[in-house]
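One-letter residues, chain by chain:
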Number of protein chains: 2
Amino acid sequence: METMVMSNKQVIFRDYVIGFLSESDLLINSTTVNLKVPAGSMTALVKNLYLSCDPYMRNRMRKPDPSSPATALSFIPGKPISGFGVSKVVDSGHPDYKEGDLLWGAVGWEEYSVITPIPNLHFKIHHTDVPLSHYTGLLGMPGMTAYAGFYEICSPKKGETVFVSAASGAVGQLVGQFAKLMGCYVVGSAGSKEKVDLLKNKFGFDDAFNYKEESDLNAALKRCFPVGIDIYFENVGGPMLDAVILNMRPHGRIAACGMISQYNLQIPEAVYNLWLITYKRICIQGFNTIDYLHKYSEFLEFVLPYLREGKITYVEDVADGLESAPAALVGLFHGKNVGKQLVVVSRDLH
Amino acid sequence: METMVMSNKQVIFRDYVIGFLSESDLLINSTTVNLKVPAGSMTALVKNLYLSCDPYMRNRMRKPDPSSPATALSFIPGKPISGFGVSKVVDSGHPDYKEGDLLWGAVGWEEYSVITPIPNLHFKIHHTDVPLSHYTGLLGMPGMTAYAGFYEICSPKKGETVFVSAASGAVGQLVGQFAKLMGCYVVGSAGSKEKVDLLKNKFGFDDAFNYKEESDLNAALKRCFPVGIDIYFENVGGPMLDAVILNMRPHGRIAACGMISQYNLQIPEAVYNLWLITYKRICIQGFNTIDYLHKYSEFLEFVLPYLREGKITYVEDVADGLESAPAALVGLFHGKNVGKQLVVVSRDLH
């Protein structure tokens, strides 16, 4: 059997994390990998080009709770963490994947991964006139999340008012642009002046505020939404959710995409205003993009023309090299990223 | 113009209520009423027979909040409170209502009310082979609430697991029986041994527990639902909701019918586990029966045969006389009622 052994740097999960994730919870380690898959194998050996930093990954660092199997699958201590990434097939035993194919989907955080391609978890990249890195964001899982979350969960109508938290992030910046395309009034919150400026000047939000500079989130929302909120695209949770409920209009919809402010807390923050959802007939719908990935080609057909025509834009925050991956991931939970956080493992397509 | 003046006892709303409702917030007062409606009027003069005590009424005792118009309309200090009741038309200027007609719908808490009949808020009673008092409960607004909440909001399927809180109450006892008819596994919580016995022995719940005797609601739910909860019919809110979220299965549904444990609190209780709804893809849907009353005749066709065949039963807690109405209403918030709480104003149909 032909072998071609290469060194393979990996981001190793040290142990289950309690409290805030820190860089020291992740180790860079080097091992080796055989670039040829065994004869008869249905696996593919891929070279990772870009890795996606996503907030949900923090929840895979919790100790598994056998009584709550619905939560995300935990990473295994001592093994590399995994997530979504863009990669190139180096060798493949799978008849549908061949050397040189570009993919996006689930891979390890490492230079090379052995994957067993799974429909709706590994997608071939057919359009390369757009930036390849976008398949970690706009054209990948976060894009699908914004698409399914906004159009399927929020049931938006022209003229409705939409609030997006973490609005300059991987998903939020798209939700805001989708909502503007639909003719909604759109306000976003973010954690710095730079991000607020992006929302207003680059993504076309009607208004935006820096939540860190608002002593009263309820008052900030009342100022931006004098008639109330029809749709809340929830990315943060905690006190923001509480203030939003106070400002929701009757029959309002909350798409619970994620609650990043809560993932590192040992005791989640309290929400007090839920009793109002009966009177306001509010729907809070938690969703997971995994349930919508079968719609990916429909989504691509929808979004690619907007991207090519410049009607949708996308901001990425790029960390260089696998060594920078732990800091990039940790930075998500402190709002250090401006736009979609990704890691370049290699720009070498050959 | 013919006049026929009668004395008219009323339950007067003293002033907006802060904290726990007490009997002294309501006064019995006597005034007079003309039993003939003015010529040309579209109103009806009705004699009230039964009044319904409903938890939502507490929220109409809050000071109106102009910034939150979505909440229930507040009662007016110095005026009688109002709610749903069963009454008989004494005189009417409205062509669709005539003397002797029996109605259920919105009336004042008083012996006689002048009403302007409104479609979907005042319903003629055509079936009198069943107890007339049931039109405050099983055959009235609470019945409609259980019907819409369970079948429309919960999307139940045979074999699913269903949890009902305040399960022996006006709505809960019906939801449990509907869920059993559908072939679900049904567990209820209530606040006394007597109520728990009712759930298990009269309403056919598969299991039930007294929440006041459980030091750990999460453990109680785990004991009753080893595989988790598909549907939660929410009547109480607060710590019970928090414990339920921990025990919900993926794609679970929570019908937020009401949160009676929160209505008398100046600061609502905290809920901590909302961040889990994303991972579990839980839907929490607040609803208000007002939005479903156009389905009342469909509901009656559904439920009357079950009632007549004895396949659905209904327990009422009857307070006698308008003087007992304040205590009956206050008692709701302390769980004093066993079954649907109603007040008999008069049993005299003539």
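Numbering of residues begins from 1 in every chain and follows the order in which that chain's sequence is written. Starting at A for chains and at 1 for ligands, labels are handed out in the order in which the entities are written. Whole-chain, interface and lining totals are the exception, using all residues; otherwise, since this is a predicted model, local features are given only for residues with pLDDT of at least 70 and side-chain atom pairs are given and counted only at 80 or more. Note: side-chain values were computed over all heavy atoms of the structure, leaving out hydrogens and water.

Chain A is annotated in an unreviewed UniProt entry as Enoyl reductase (ER) domain-containing protein from Brassica oleracea var. oleracea.

**Q** So what exactly am I meant to see when it comes to the packing of aromatic side chains here?
**A** Aromatic ring pairs: the centre-centre distance and the angle between the two ring planes describe each pair. Two rings belonging to Phe, Tyr or Trp (six-membered ring only in the last case) form a pair when the distance between their centres is within 6.5 Å. Interplanar angles under 30 degrees mark stacking, angles over 60 mark edge-to-face geometry, and anything in between is tilted. This model, assessed by the stated rule, comprises 50 aromatic pairs over all chains. Relative to F225 of chain A, the ring of F163 of chain A lies with its centre 6.0 Å away and its plane at 80 degrees, an arrangement referred to as edge-to-face. A residue pair is termed long-range when its members are at least 10 positions apart, and F163 of chain A in strand β8 (residues 161-164) and F225 of chain A in the loop between α4 (217-224) and β11 (229-234) qualify at 62 residues. No difference in accessibility class separates F163 of chain A from F225 of chain A, as the two residues are buried. Seen in terms of ring centroids, F150 of chain B and Y151 of chain B are 5.1 Å apart; in terms of plane orientation they differ by 75 degrees. Their pairing is edge-to-face. The buried category is assigned to F150 of chain B, whose relative accessible area is 0%. For Y151 of chain B, a relative accessible area of 24% translates into the label partly exposed. Secondary structure is summarised from DSSP: a helix means a run of H or I of at least four residues, a strand means a run of E of at least two, and numbering begins at the N terminus for each. For every residue, the accessible area obtained with a 1.4 Å probe (protein chains only) is divided by the maximum for its type, and the residue is called buried under 20%, exposed over 50%, and partly exposed between those limits.

**Q** When you look at the sheet that holds β11 of chain A in this model, what are you seeing that I'm missing?
**A** The pairing of strands in a sheet happens through backbone hydrogen bonds and is either parallel or antiparallel. Pairing between two strands requires that DSSP report at least two bridges joining them. What the twelve strands build is an open sheet, ordered β10(A)-β9(A)-β8(A)-β11(A)-β12(A)-β13(A)-β13(B)-β12(B)-β11(B)-β8(B)-β9(B)-β10(B); its pairing is mixed. Two strands lie at the open edges of the sheet, namely β10 (207-210) of chain A together with β10 (207-210) of chain B, each paired on one side alone. Looking at each pair of strands side by side, their axes are set apart by 15 degrees on average, direction ignored. Both strand β13 (residues 283-286) of chain A and strand β13 (residues 283-286) of chain B contribute to a ladder of three bridges, which runs antiparallel. When the bridges of β13 of chain B are listed, Q285 of chain A appears paired with C283 of chain B. By definition, residues are in contact when any of their heavy atoms lie within 4.5 Å. For helices, the fitted axis covers only the stretch in contact; all axes are lines through C-alpha atoms, and the angles between them, taken along N-to-C directions, range from 0 to 180 degrees. Against the sheet, helix α2 (residues 172-181) of chain A makes contact with β8, β9 (185-190) and β11 of chain A, and its axis sits at roughly 170 degrees relative to β8 of chain A, the strand it touches most. With respect to the sheet, helix α3 (residues 193-201) of chain A is in contact with β9 and β10 of chain A, its orientation differing from that of β10 of chain A by roughly 175 degrees.

**Q** Help me understand the pattern of salt bridges, please; the structure alone is not making it clear to me.
**A** For side chains of opposite charge, pairing can occur when their charged atoms come near one another. Residue and element names in this part refer to chain A. By salt bridge we mean one thing: a side-chain nitrogen of Lys or Arg within 4 Å of a carboxyl oxygen of Asp or Glu. In this structure the tally under the stated criterion is 32 salt bridges over all chains. With a closest N to O distance of 2.8 Å, E160 and R253 form a salt bridge. Taken together, the residues E160 in the loop between α1 (141-153) and β8 and R253 in strand β12 (residues 248-256) connect sequence positions 93 residues apart. One exposure class covers both E160 and R253, and it is buried. Counted as one network, the salt bridges with shared partners bring together K98, D101 and K124.

**Q** In this structure, what is going on with α3 of chain A? I would like to understand it.
**A** Because each turn of an α-helix spans 3.6 residues, side chains separated by three or four positions in sequence point in the same direction. Residue and element names in this part refer to chain A. Considered for burial, the residues of α3 that qualify are K195, V196, L198 and L199. The arc that holds every buried residue of α3, seen down its axis, measures 155 degrees, which confines them to one face. Exposed and oriented more than 90 degrees from the buried face of α3 are K193, E194 and N201. Note: the arc covers the axis-to-C-beta directions of the helix.

**Q** Quick question: what am I supposed to make of unusual backbone geometry here?
**A** Outside of glycine, negative phi angles account for most residues, and trans bonds account for most peptide bonds. Residue and element names in this part refer to chain A. With a phi angle near 40 degrees, S155 is a residue other than glycine that sits in the positive phi range. Mapped onto the elements of the fold, S155 is located in the loop between α1 and β8. Relative accessible area serves as the criterion here: at 40%, S155 is assigned to the partly exposed category. The phi dihedral of H251 falls on the positive side, at around 65 degrees, and the residue is not glycine.

**Q** Would you mind showing me how to read the interface of chain B and chain A here?
**A** Frequently, the measure chosen for interface size is the accessible area removed from exposure when the parts meet. If you look at the interface, chain B gives 41 residues, while chain A gives 41 residues. Interface of chain B and chain A: buried area, both sides summed, is about 3500 Å²; carbon and sulfur atoms make up 63% of it. Applying the counting rule to chain B against chain A returns two salt bridges. As a salt-bridge pair, D291 of chain B and R281 of chain A come within 2.8 Å of each other at their nearest N and O atoms. The definition of a polar contact used here is a pair of N or O atoms within 3.5 Å, where within protein one atom must be able to donate a hydrogen and the other to accept one, and adjacent residues in sequence count solely through side-chain atom pairs. Here chain B and chain A share ten residue pairs in polar contact (both at pLDDT 80 or more) between them. Every element with two or more residues in the side of chain B that touches chain A is listed here: β12 (248-256), α6 (276-280) and β13 of chain B. It is α6 of chain B that contributes the most residues to the side of chain B that touches chain A, five residues altogether. Here the side of chain B that touches chain A is built from residues that sort into 24 nonpolar, eleven polar and six charged. Here the quantity called buried area is the total loss of accessible area, with a 1.4 Å probe, experienced by two parts when brought into contact, counted for both. Three categories are distinguished: nonpolar for Ala, Val, Leu, Ile, Met, Phe, Trp, Tyr, Cys and Pro, charged for Asp, Glu, Lys and Arg, and polar for the others, with Gly belonging to the last.

**Q** Please explain the environment of A243 of chain B as it appears in this structure.
**A** Residue and element names in this part refer to chain B. Position of A243 relative to the elements: it lies in helix α5 (residues 239-247). Look at A243 and you get buried, because its relative accessible area is 6%. For A243 and E298, which are 55 residues apart along the polypeptide, the C-alpha to C-alpha distance reads 35 Å. Contacts of A243, omitting those with residues within four sequence positions, involve L217, N218 and L221.

**Q** Which parts of the structure should I look at to understand the packing of α1 of chain A against helix α7 (residues 296-308) of chain A?
**A** The description of two packed helices rests on the angle between their axes and on the distance between the axes. Residue and element names in this part refer to chain A. The contact between α1 and α7 brings their axes to 10 Å, and the two run at 90 degrees. By the angle between their axes, α1 is roughly perpendicular relative to α7. Contacts between α1 and α7 involve G143, M144, Y147 and Y151 from the former and Y296, E298, F299 and F302 from the latter. Tallied by class, the residues present in the contact of α1 with α7 amount to six nonpolar, one polar and one charged. Should an angle lie under 35 degrees it is considered roughly parallel, over 145 roughly antiparallel, and from 65 to 115 roughly perpendicular; all remaining angles are considered oblique.

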